[in-house]
Amino acid sequence: MTDRLRETLHAAAADVPAYPVYERALATARRSRRRAVVAAVVVLVLATLTGAVLPLTRTPVVDPAAGADAALPDRIALPPLGALHATDRPRLGPASVIFSGQARRLQGWDEDGIVGVVSADSDRYRIFSMGYEAPVGEQVILSPDGRYVARPAGLSEDGRVDLIDLVTGRTRRLHSKVTNSVGTSPRAWSPDGRQLVVDDTVPTDPTRSGYRRVLSIVTLDGERWTQLADAAQQPIFGSSVAFAPGGGRLAYQIGRTVTVADPDGRTVSTFELPAESWLGGKGAWTTDGALTLISRKAGSTDWSLRRVDSATGRNTAPLPVPGVTGVTAIRLLGWGPDGSALVVAYQPEPLSPDRFDQPLELDQRTAYPNVRGVRVLALTPDASAPRTVMTAPEQILAVDVADTVIDAGRTRAADPPGGLGGRFWFWTILITVVVAGVVVYRNRGGLALWLDDRRVRRARGPDPK
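Residues numbered from 1 in each chain as written. Predicted model: local features only at pLDDT ≥ 70, side-chain atom pairs only at ≥ 80, totals over all residues. Heavy atoms only, no water.

A. Inspection of the sheet that holds strand β21 (residues 329-335) at higher detail. Taking strand neighbours across the sheet as the criterion, the four strands line up as β21-β22-β23-β24 in an open arrangement whose pairing is antiparallel. Unpaired on one side and paired on the other, β21 and β24 (387-390) mark the two borders of the sheet. Direction aside, the axes of adjacent strands within the sheet are offset by 35° on average. By the bridge criterion, eight bridges tie strand β22 (residues 341-348) to strand β23 (residues 371-379) in an arrangement that is antiparallel. What sits directly across from valine 343, in β23, is leucine 377. (Pairing = 2+ DSSP bridges. Helix = DSSP H or I, 4+ residues; strand = E, 2+ residues; numbered from the N terminus. Axes fitted to C-alpha atoms, helices over the stretch in contact; angles between N-to-C directions.)

What follows is the structure, given as structure tokens:
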């Protein structure tokens with residue numbers, strides 16, 4: 001190789017830019033670490049969400065015998081803050097009790113008219129929102145087996161009833177076939193749970209200055225819609241529709257008149273109620289075919305049950321059960337296996353009036369502003385006083401109990417959940433993870449430098465000093 005060639009090669013080599021091996025290697029390492037950090041954050045988010053969401057999304061196996069352990073809790077409480085909804089997973093299954101009222105946890109900041117639901121065999125609670133105040137047992141009713149909740153369609157004027165299935169979480173809509181209906185409310189379930197009595201409100205003129213009420217019996221598939229009554233707007237007390245055992249007859253009250261009809265809408269008998277008496281409630285029929293009335297002693301807060309002939313309304317054999325005193329009203333839920341009558345007793349609000357206007361008296365007596373709380377009492381034959389079988393906090397103002405629970409006659413010592421519910425924890429975990437992920441991503445450069453500094457220090461070993 002000549003000197004000139006050597007010099008030329010040296011000059012050419014000098015003109016070639018030096019490759020920053022260390023800097024490029026450091027940049028590559030930092031990029032790899034950033035990617036690893038981002039991947040770790042993504043994995044953490046997905047893992048956290050999976051842990052939070054799986055309990056809400058997996059489909060549990062429904063035990064066909066779950067209802068065998070159905071029992072009435074001896075007390076209920078307000079739903080936990082952030083309780084799961086009735087349609088959330090894991091599914092609740094059949095319920096024993098539903099309740100409503102004006103307590104703070106039943107009036108959420110974005111949900112009005114919250115209804116609480118208690119499992120048939122455990123202290124699991126769920127909720128759903130109505131959008132307005134709708135007392136359970138009158139406008140929101142639990143099916144005999146506790147599987148379905150029938151409710152009006154909220155603030156919609158569609159004229160429909162929503163059927164919430166607590167086993168599958170699905171909601172079925174039952175659209176009214178009454179022309180021009182502006183609202184449909186469920187009133188009673190048939191004993192087999194295959195039919196509903198519904199009450200439609202229909203304007204009588206374009207300005208809606210008057211209304212009429214149409215009472216119908218409808219199958220759950222909506223195919224059969226049989227009219228029972230069509231009259232000017234009169235009080236149809238929400239619980240004053242009752243099916244006889246077996247479902248062969250039903251009784252309903254409009255104003256002061258009780259009508260007994262068959263499921264095809266044919267009237268069997270009618271009779272007028274005396275003052276201070278009302279059809280007892282969904283449990284009004286006795287096993288011997290008589291009807292039970294609730295009666296108030298005039299000028300007092302003393303209430304009693306009496307049995308009348310379903311054809312004539314005349315008194316029959318007396319009911320040897322104790323009366324209830326000191327309440328604004330009672331409502332008959334049904335009969336236990338020992339012959340006890342289970343009633344809801346409405347505790348008076350201290351400022352509620354002493355007198356109410358007829359014919360809406362009973363509706364006013366159970367209206368939220370006039371009630372402080374409720375209890376479920378057992379009126380046992382030949383007992384000296386009622387026995388309390390379920391208590392509730394103040395401002396729980398209405399309850400309904402599944403017929404299967406009443407028929408079983410069992411109660412259980414309840415331990416209602418406290419603290420925070422599943423939806424609270426789900427959103428708390430989700431928000432925390434998302435915020436942490438955003439913070440890590442925005443500081444990814446500094447985090448990469450910190451990790452690189454740690455690597456260099458480990459490579460150098462311990463400080464000799």
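The discussion continues.
B. Expanded view of the environment of threonine 366. Along the chain, the position of threonine 366 falls in the loop between α3 (361-365) and β23. The class for threonine 366 is buried, based on a relative accessible area of 3%. The spatial distance from the C-alpha of threonine 366 to the C-alpha of isoleucine 330 is 8.7 Å, given a sequence separation of 36 residues. At 3.2 Å, the side chain of threonine 366 and the side chain of glutamate 138 are in polar contact. (Buried < 20%, exposed > 50% of the residue type's maximum accessible area, 1.4 Å probe, protein only. Polar contact = N/O pair within 3.5 Å; in protein donor to acceptor, adjacent residues only side chain to side chain.)

C. The arrangement of unusual backbone geometry in detail. For the bond from arginine 89 to proline 90, the omega torsion is 0°, close enough to zero to count as cis. Looking at the secondary structure, you find proline 90 in the loop between β1 (72-73) and β2 (95-101). Not every positive phi belongs to a glycine, and aspartate 382 is a case in point at roughly 65°. Residue aspartate 382 is classed as exposed on the basis of its relative accessible area, which comes to 69%.

D. Quick peek at empty space enclosed by the protein. Taken as a whole and assessed by the stated rule, the structure comprises two cavities of 30 Å³ or more. By volume, the second largest cavity amounts to about 40 Å³. In terms of lining residues, the second largest cavity is bounded by Ser100, Gly101, Leu106, Gln107, Gly113, Ile114, Val115, Tyr132, Glu133, Ala134 and Tyr368. When residues of the lining of the second largest cavity are traced back to their parent elements, those giving at least two are β2 and β3 (114-119). (1 Å grid on protein atoms, 1.4 Å probe; cavity = no way out; pocket = protein on both sides within 12 Å on 5 of 7 lines; lining within 4 Å. Points joined across faces, edges and corners; volume = space filled by probe spheres on them.)

E. Focus on the sheet that holds strand β20 (residues 324-325). Read from one edge of the open sheet, four strands run β17-β18-β19-β20, paired in antiparallel fashion. What marks the edges here is a single partner per strand, and that holds for β17 (277-279) and β20.

F. Inspection of the pattern of salt bridges at higher detail. By the definition in use, this model includes 20 salt bridges. Between aspartate 288 and arginine 307 there is a salt bridge; the shortest N-O distance is 3.7 Å. Of this pair, aspartate 288 sits in the loop between β17 and β18 (291-296) while arginine 307 is found in strand β19 (residues 302-308), placing the two residues 19 residues apart along the sequence. Accessibility expressed as a relative area gives 54% for aspartate 288, which makes it exposed. (Salt bridge = Lys/Arg side-chain N within 4 Å of Asp/Glu carboxyl O.)

G. Inspection of a nonpolar patch on the surface at higher detail. Taken together, the side chains of Leu81, Leu420, Trp425 and Ile429 present a nonpolar region at the surface, about 360 Å² in accessible area. With respect to the secondary-structure elements, leucine 81 resides in the loop between β1 and β2. A relative accessible area of 46% means that leucine 81 is categorised as partly exposed. (Patch = residues over 30% accessible without salt bridge, like charges linked within 9 Å, V, L, I, M, F, W, Y side chains within 5 Å. Areas by Shrake-Rupley, 256 points an atom, 1.4 Å probe, with all protein chains shown as cover.)

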